[in-house]
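In case you want the letters, here they are:
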Amino acid sequence: MALFFSRRTYNAQKKKFTDNPAALTRYVSMTAQNNDGSVHTGSIISQSDWLKQVQQAGGTKEILIYVHGFNTSQKDMLDRLGKIETGVKAQGFDGAVIAYDWPSDGTIFAYNKDRSDAKKTAPHLVGDGILPLLALSPRPKIHLIAHSMGGLLVLRSFSDFGDSVGHWGVEQTMFCSADIDAAWLEKGAWGGLVLKQRSKRFTNYYSGRDMVLALSGGLINGGRERAGHVGMPKLITKGHWDIYCNEQYKKHVPDAQQTTINSHRWWFYNTGFYKDIALTMAGKDAKTMSTRRPTNQADLALLT
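The rules we used
- For every chain, the first residue of the written sequence is number 1, and numbering continues from 1 along that sequence.
- Only residues with pLDDT of at least 70 are given local features in this predicted model, and only at 80 or more are side-chain atom pairs given and counted; all residues enter the totals for whole chains, interfaces and linings.
- Values reported for side chains reflect all heavy atoms of the structure, with hydrogen atoms and water molecules removed beforehand.
- Numbering of helices and strands runs from the N terminus; a helix is a DSSP stretch of H or I covering at least four residues, while a strand is a stretch of E covering at least two.
- Restricting the calculation to C-alpha atoms gives the radius of gyration, and the globule rule supplies 2.2 Å times the number of residues raised to the power 0.38.
- With a 1.4 Å probe rolled over the protein chains alone, any residue whose accessible area is under 20% of its type maximum counts as buried; one over 50% counts as exposed, and the rest are partly exposed.
- Residue contacts are defined here by distance: any two heavy atoms, one from each residue, within 4.5 Å place the two residues in contact.
- This count recognises Lys and Arg as positive and Asp and Glu as negative, with His and chain-terminal groups excluded.
- The atoms used to mark charge sites are NZ of Lys, CZ of Arg, CG of Asp and CD of Glu.
- Under the rule applied, a polar contact is a pair of N or O atoms within 3.5 Å (in protein, one hydrogen donor and one hydrogen acceptor; residues adjacent in sequence only if both atoms are side-chain atoms).
- We define a salt bridge as a contact between a side-chain nitrogen of Lys or Arg and a carboxyl oxygen of Asp or Glu at a distance within 4 Å.
- Working definition: rings of Phe, Tyr and Trp (its six-membered ring) pair if their centres are within 6.5 Å, and the pair is stacked with planes under 30 degrees apart, edge-to-face with planes over 60 apart, and tilted otherwise.
- Note on method: axes are straight lines fitted to C-alpha atoms, helices fitted across the in-contact stretch only, with angles between N-to-C directions ranging 0 to 180 degrees.
- For this classification, under 35 degrees means roughly parallel, over 145 means roughly antiparallel, 65 to 115 means roughly perpendicular, and everything else is oblique.
- With the far helix as reference, a near helix turned anticlockwise by less than a right angle produces a left-handed crossing, and one turned clockwise produces a right-handed crossing.
- Here the term charged refers only to Asp, Glu, Lys and Arg, the term nonpolar to Ala, Val, Leu, Ile, Met, Phe, Trp, Tyr, Cys and Pro, and the term polar to all other amino acids, Gly among them.
- Residues with no salt bridge and a relative accessible area higher than 30% make up the patches, which join like charges within 9 Å and nonpolar side chains (Val, Leu, Ile, Met, Phe, Trp, Tyr) within 5 Å.
- Computed by Shrake-Rupley with a 1.4 Å probe, the accessible areas treat only the displayed protein chains as cover when residues are assessed.

(A) Inspection of the overall build of the chain at higher detail. For the chain, the helix and strand inventory stands at 11 helices and 11 strands. Expected size for 304 residues packed as a compact globule is a radius of gyration near 19 Å; at 18 Å, the chain falls within 12% of this value. Expressed as lengths along the three principal axes of its C-alpha atoms, the size of the chain is roughly 55 × 40 × 35 Å. A buried classification covers 53% of the 304 residues belonging to the chain. For the chain, contacts bridging at least 24 residues in sequence account for 72% of all contacts bridging at least 6. Taken together, the 37 basic and 27 acidic charged side chains of the chain have centroids lying 2 Å from each other.

(B) Representation of helix α11 (residues 271-281) within the structure. Among the 11 residues in α11, eight count as buried, and that is most of the element. Among the residues of α11, those classed as buried are Gly 272, Phe 273, Tyr 274, Asp 276, Ile 277, Ala 278, Thr 280 and Met 281. A distance of 3.3 Å separates the backbone nitrogen of Gly 272 from a side-chain oxygen at the start of α11, and that oxygen is part of Asn 270. With its phi angle positive at about 80°, Gly 283 sits one or two positions after the end of α11.

(C) Representation of the pattern of salt bridges in the model. Evaluated as defined, the whole model comprises 12 salt bridges. With a shortest N-O distance of 2.8 Å, Arg 226 and Asp 179 are connected by a salt bridge. Within this pair, whereas Arg 226 is found in the loop between α7 (211-220) and α8 (227-230), its partner Asp 179 is found in the loop between β7 (170-176) and α6 (190-198), the two being separated by 47 residues in sequence. The pair formed by Arg 226 and Asp 179 is uniform in burial state, with each residue classed as buried.

(D) Representation of the environment of Ser 48 in the model. When you line up the elements, Ser 48 lands in helix α1 (residues 47-59). Taking the C-alpha atoms as reference points, Ser 48 and Pro 132, 84 residues apart in sequence, are found 9.3 Å from one another.

(E) Geometry of unusual backbone geometry. For the peptide bond that leads from Ser 137 to Pro 138, omega is 0°, which places it in the cis range. By the element assignment, Pro 138 lies in the loop between α4 (123-134) and β6 (141-147). One non-glycine residue, Asn 71, adopts positive backbone phi at about 55°. For Ser 148, which is not a glycine, the phi torsion comes out positive at approximately 60°. By secondary structure assignment, the location of Ser 148 is in the loop between β6 and α5 (150-160).

(F) Structural context of the packing of aromatic side chains. Summed over all chains, the structure comprises 18 aromatic pairs. For the ring pair Phe 5 and Tyr 100, a centre distance of 4.9 Å and an interplane angle of 35° mean the geometry is tilted. Highlighted residues: Phe 5 in strand β1 (residues 2-11) and Tyr 100 in strand β5 (residues 96-101), separated in sequence by 95 residues. The same class applies to Phe 5 and to Tyr 100, which are both buried.

(G) Looking closely at the packing of helix α2 (residues 74-89) against α11. Two numbers describe how α2 lies on α11: the axes approach to 8 Å, and their chain directions differ by 70°. Between α2 and α11, the angle is such that the two are roughly perpendicular. With respect to the hand of their crossing, α2 and α11 are arranged in right-handed fashion. Where α2 approaches α11, its residues Lys 83, Ile 84, Gly 87 and Val 88 are matched on the opposing element by Tyr 274, Ile 277, Ala 278 and Met 281. Classifying every residue of the contact of α2 with α11 by side-chain character gives six nonpolar, one polar and one charged.

(H) Molecular detail of a nonpolar patch on the surface. Residues Leu 215, Leu 219 and Ile 220 make up a contiguous nonpolar surface patch of roughly 290 Å² in combined accessible area. With respect to the helices, strands and loops of the structure, Leu 219 is situated in helix α7. Judged by its relative accessible area of 61%, Leu 219 falls in the exposed class.

Shown next, in the form of structure tokens:
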């Protein structure tokens, strides 16, 4: 089963989601699978029925929400959601694993449109997902894992909601290959502030080997370094952790597979990464996790 909530427009005649922003959020339960394990059919259901299914999937205690990035079709989102669920459950996570599906075009030529759509649909991650999930009884712990431009969407969603709806927040927020300005995460900067307010702990997995983010920072974003490529600035908020992943990438990704696209997406295939995520969600001490090693900098290294 795959559970997600989507802000893509739905074409009822073709019975397919499009790549355009929708006027309402739809809740989806995918129930049938191909022989290879990939999800291929399902249905749109009511929010109340969807919340019940999340609870039945293990969400009475904990829920992990995956927020995908740029250049991700709905099919790719579902494939990675399945990999994340399999990966963290193999490491002992017994909560529900779901996704927020926003209208990425699934093409490398739509960066600016994807960025605009990520900002446009960001409020619905909180308003239509996190808040209804937090209203469940018993109240679950909610974690977020955002990849690439999904980090931008999470920051915008956190900043769009105050406490007029009641005080709210999540347990663990984790970014990998975050396509956001590194400067936003400096202590006192807007990104660091909203993460401090809305998340008990923030973990930034980054790799200097990420060729997609090297292009994003060096050309597309005018030289503004990306947090998933260089890490956070030296002045970091307490409870925010940089995890250096160059050595993990070199150790586990064969030379022939160290392509531009794989340098940005290898996380979804790495057992050590899922083990670190599971330990993070379990609330283990950041400095003493078995998956991490000290470096000669202030950060830690993922190395398993």
